[in-house]
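Structural features, examined
What follows is each chain in one-letter form.
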Amino acid sequence: MTRTPDLPPLDAVAIKPLADAIRALAMDAVQAANSGHPGMPMGMADAAAVLWTRHIKFDPADPAWPDRDRFVLSAGHGSMLIYSILHLIGVEGVTMEEIRNFRQLGSKTPGHPEYGHTPGVETTTGPLGQGISTAVGMALAERMLNARYGDDLVDHHTWVIASDGDLQEGVSQEAIALAGHWKLNRLIVLWDDNSISIDGSTDLSDTTDHGARFESAGWRVLRVDGHDPKAVDDALTQARLSDHPVLIACKTIIGKGAPTKAGTAGSHGAPLGPDEIAGARKAMGWTHGPFEIPDMVYQGWRSVAQRGAAARAAWAQRHTASSARTEFDARLSGEPPKAALDALDAHIAKLMTEKPALATRAASGKAIESFWDKVPGLIGGSADLTGSVNTLVKGQAPLSADNYAGQYIHYGVREHGMAAAMNGMTLHGGVRPYAGTFLVFSDYCRPAVRLSALMNQPVIYVFTHDSIGLGEDGPTHQPVEHLSALRAIPNLAVFRPADAVEAAEAWRVALTRKDGPTALILSRQKTPHLRIDDGAKNLSARGAYVLRDCDGPAQVTLIGTGTETALALEAQRLLKDRGVYARVVSAPSVETFLDQDASYRDSVIDPALPAVAVEAGIRWGWGALIGREGGFVGMTGFGASAPAEALYDHFGITAEAVADAALRRV
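Now for a look at the structure at hand. Everything quoted here is computed from the prediction, not taken from an experiment.

Criteria and thresholds
Residues numbered from 1 in each chain as written. Predicted model: local features only at pLDDT ≥ 70, side-chain atom pairs only at ≥ 80, totals over all residues. Heavy atoms only, no water. Pairing = 2+ DSSP bridges. Helix = DSSP H or I, 4+ residues; strand = E, 2+ residues; numbered from the N terminus. Axes fitted to C-alpha atoms, helices over the stretch in contact; angles between N-to-C directions. Contact = heavy atoms within 4.5 Å. Core = buried A, V, L, I, M, F, W, Y, C linked by side-chain atoms within 4.5 Å. Buried < 20%, exposed > 50% of the residue type's maximum accessible area, 1.4 Å probe, protein only. Parallel < 35°, antiparallel > 145°, perpendicular 65-115°, else oblique. Left-handed = near helix turned anticlockwise from the far one by under 90°. Nonpolar A, V, L, I, M, F, W, Y, C, P; charged D, E, K, R; others polar. Expected span 1.5 Å × (residues − 1). Right-handed = clockwise from strand over helix to strand, strands pointing away. Phe/Tyr/Trp six-rings, centres within 6.5 Å; stacked < 30°, edge-to-face > 60°. Lys NZ or Arg CZ within 6 Å of the ring centre and 35° of its normal. Polar contact = N/O pair within 3.5 Å; in protein donor to acceptor, adjacent residues only side chain to side chain.

1. Details of the sheet that holds strand β14 (residues 518–521)
If you walk across this open sheet you meet the 6 strands as β10-β9-β11-β12-β14-β13, and the pairing is parallel. Unpaired on one side and paired on the other, β10 (408–410) and β13 (493–495) mark the two borders of the sheet. Adjacent strand axes in the sheet meet at a mean angle of 20° when their direction is disregarded. Pairing analysis gives 4 bridges linking strand β12 (residues 460–464) to β14, with the strands arranged parallel. Paired with F463 across the bridge in β14 is I521. Where helix α18 (residues 442–454) meets the sheet, it contacts β11 (432–438) and β12, and its direction lies at approximately 155° from that of β12.

2. Observations regarding the nonpolar core
Among the nonpolar cores identified, the biggest contains 68 residues, and L140, W182, L184, L187, W219, Y411 and M425 are the most heavily contacted of them. At 10 residues, helix α5 (residues 130–149) tops the list of elements feeding residues into this core. L140 has contacts with W182, L184, L399, Y404, I409 and M425, leaving out every residue within four places of it along the chain. Core analysis: the second largest hydrophobic core is formed by 66 residues, M27, V30, M80 and I82 among them.

3. Points about the packing of helix α7 (residues 170–182) against helix α17 (residues 415–428)
Two numbers describe how α7 lies on α17: the axes approach to 8 Å, and their chain directions differ by 70°. Accordingly, the angle class assigned to the pair α7 and α17 is roughly perpendicular. Considering how the two elements wind past one another, α7 and α17 form a crossing that is right-handed. Packed against α7, whose contacting residues are V171, E174 and L178, the element α17 presents E415, H416 and G417 at the interface. When grouped by side-chain class, the residues that make up the contact of α7 with α17 number 2 nonpolar, 2 polar and 2 charged.

4. Quick word on helix α15 (residues 360–371)
Along an α-helix, residues three or four positions apart point the same way, because every turn accommodates 3.6 residues. A rise of 1.5 Å per residue sets the reference length of α15, with its 12 residues, at 16 Å; its end C-alpha atoms lie 17 Å apart and thus fit the reference within 8%. With respect to burial, α15 is a largely interior element, 9 of its 12 residues being buried. The set of residues buried in α15 consists of T360, R361, A363, S364, G365, A367, I368, S370 and F371.

5. Brief notes about the pairing of β14
Going residue by residue along β14, you find T518 and L520 tucked away on one face and A519 and I521 tucked away on the opposite face as well. In this structure, β13 lies alongside β14, joined through 3 bridges in parallel fashion. In the sheet register, A493 faces β14, and the bridge partner there is T518. On the question of chirality, the crossover connecting β13 to the parallel β14 by way of helix α20 (residues 500–512) is right-handed.

6. Here's the deal with the packing of aromatic side chains
Evaluation of the coordinates by the stated rule reveals 15 aromatic pairs. Seen in terms of ring centroids, Y434 and W507 are 5.5 Å apart; in terms of plane orientation they differ by 90°. Their pairing is edge-to-face. In this pair, Y434 sits in strand β11 while W507 sits in helix α20, placing the two residues 73 residues apart along the sequence. The same class applies to Y434 and to W507, which are both buried. Seen in terms of ring centroids, F441 and Y444 are 5.7 Å apart; in terms of plane orientation they differ by 20°. Their pairing is stacked. An aromatic cluster of three or more residues is present, and its members are W65, Y149, W315 and F328. The ring of Y600 is capped by R542, whose NZ or CZ atom sits 3.8 Å from the centre of that ring.

7. Some details on the side chain of S133
Residue position: S133 is located in helix α5. One polar contact links the side chain of S133 to the main-chain carbonyl oxygen of G129, over a distance of 2.7 Å. Contacts of S133, omitting those with residues within four sequence positions, involve V171, S172, A175, A420 and A421.

Dropping the structure here:
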């Protein structure tokens with residue numbers, strides 16, 4: 001159902017100045033910045049004005065209230081569209097001064113929309129394809145929460161404006177296939193079908209029938225003149241009644257109103273210039289100066305606020321009266337329940353007693369088993385590798401179009417779409433996703449992982465088969481550069497645990513982290529139990545710690561991650577037999593360790609001692625821990641197809657090699 005009240009008949013004449021205000025602000029702001037994309041906002045102004053003034057449920061006084069409609073400008077290059085609208089409807093902070101400061105340092109109007117920076121922006125967009133794919137996760141989260149709490153608390157739509165480029169990016173195919181499969185009928189996409197790209201006409205590179213593509217994926221497709229307000233309004237009304245996700249193909253003219261550049265690539269990604277802007281003003285009948293909006297236009301746009309405030313007030317009454325209010329609010333807080341953390345702590349205590357030798361992927365699965373049913377909103381998944389990545393545990397039911405209450409998602413072979421959808425779920429709130437694939441395929445989802453980090457979203461990525469230790473599948477599947485590549489992403493916490501205890505500790509960090517994503521890097525092969533402490537303290541939480549000190553004054557530090565930490569311990573024994581004392585450090589999260597204070601770092605890795613690291617990956621990024629002269633035992637190129645044991649010997653990743661590297665530096 002929808003709770004948006006019935007609207008009066010559309011007055012197309014009244015819509016025109018509201019749309020022209022978007023065009024004018026877009027032209028003026030891009031010109032003032034001498035940078036930007038005026039064409040898209042000018043072309044979609046009519047459709048956007050109808051959408052926002054008649055259909056979107058949004059209260060500018062509280063842009064984050066839970067049951068608002070979500071709006072995603074997937075065509076993020078046309079950011080002046082959303083900035084203009086947020087200003088015109090009265091969102092606090094998006095002032096005319098901010099519009100004037102478009103693309104300037106520190107302004108609320110950066111070049112592309114940024115989540116957490118501009119109030120009313122639901123997700124960071126700009127990398128094409130990401131917005132529409134993230135919106136799928138938002139729409140899924142709405143259905144999941146609605147399945148638990150019903151229409152009284154969760155009853156909203158996700159609206160998207162997407163460009164030709166969004167639909168050309170490969171991730172869009174993954175996303176629309178998932179949305180159609182899940183029958184996300186609260187997802188409505190307006191396609192800015194203007195047939196223009198930066199290079200020129202889209203038929204230079206694309207003759208795809210995108211409507212047919214969406215239809216084949218289970219979407220309903222409507223086609224309208226994007227400059228006919230009544231046609232757009234009728235299509236939006238129909239879309240809200242659909243049982244399937246809807247694509248509305250809006251045939252538009254890019255840069256509409258510009259006398260010589262409308263309909264051309266010339267209006268796509270550069271200022272129009274003073275003469276062209278003057279001509280556009282004349283063509284529109286817009287007699288106001290730069291950055292001038294008449295009161296009549298502001299009044300027209302403020303109807304959004306009136307309708308949104310009424311909807312929010314009605315929701316607040318239902319929320320207050322709901323018996324599920326406390327649970328609902330707790331889910332939206334993102335805080336893991338104490339019961340879940342207690343269960344995980346009990347699991348760690350059990351591991352310390354039983355001392356199992358497990359592949360860390362299996363250890364991760366056992367950790368999930370201990371807490372999953374105590375975290376409302378936790379949703380697992382994988383990209384068609386469920387049995388290999390150990391993300392499905394007993395009791396979890398698959399999510400489907402017939403069961404939005406399921407706790408596990410089968411994404412199919414869609415790593416990129418999976419990662420983007422998880423971003424959308426966390427942005428929506430009330431859902432905490434984790435999902436897995438092989439580490440080598442993290443390349444497929446890297447753009448979305450980067451956005452997780454940029455937007456501070458607590459997505460949990462489970463990447464298994466983390467080295468040449470996966471064996472016979474060979475170099476196509478053996479990651480060597482991937483750990484370094486993931487560690488290079490700011491704000492991504494990368495954990496490569498050495499045993500089952502560290503795997504559980506890494507999960508505890510991931511569950512409690514609220515300001516960024518976590519990547520768990522897990523092995524296919526078994527690793528022995530390594531810890532000899534009581535497990536009462538999460539030693540992994542600080543990134544690295546002394547796993548085994550030596551009996552005498554330390555002469556060298558051996559640093560290991562993951563399955564190679566056991567090799568560092570064996571090298572410690574070999575060195576002792578030769579009269580050399582070595583301290584062994586486990587470093588499950590290198591970048592987390594580097595974020596610690598200097599005194600802690602120096603207490604773990606003494607800067608006065610030589611250091612040797614062992615990891616079945618490339619050396620890149622290890623300099624901060626071992627220095628320029630430090631030793632590194634690892635990979636220098638790609639792997640090979642053979643059993644894991646043979647590969648470690650072949651590539652010289654052995655305890656003997658670690659000991660020899662240490663001896664050369666003592």
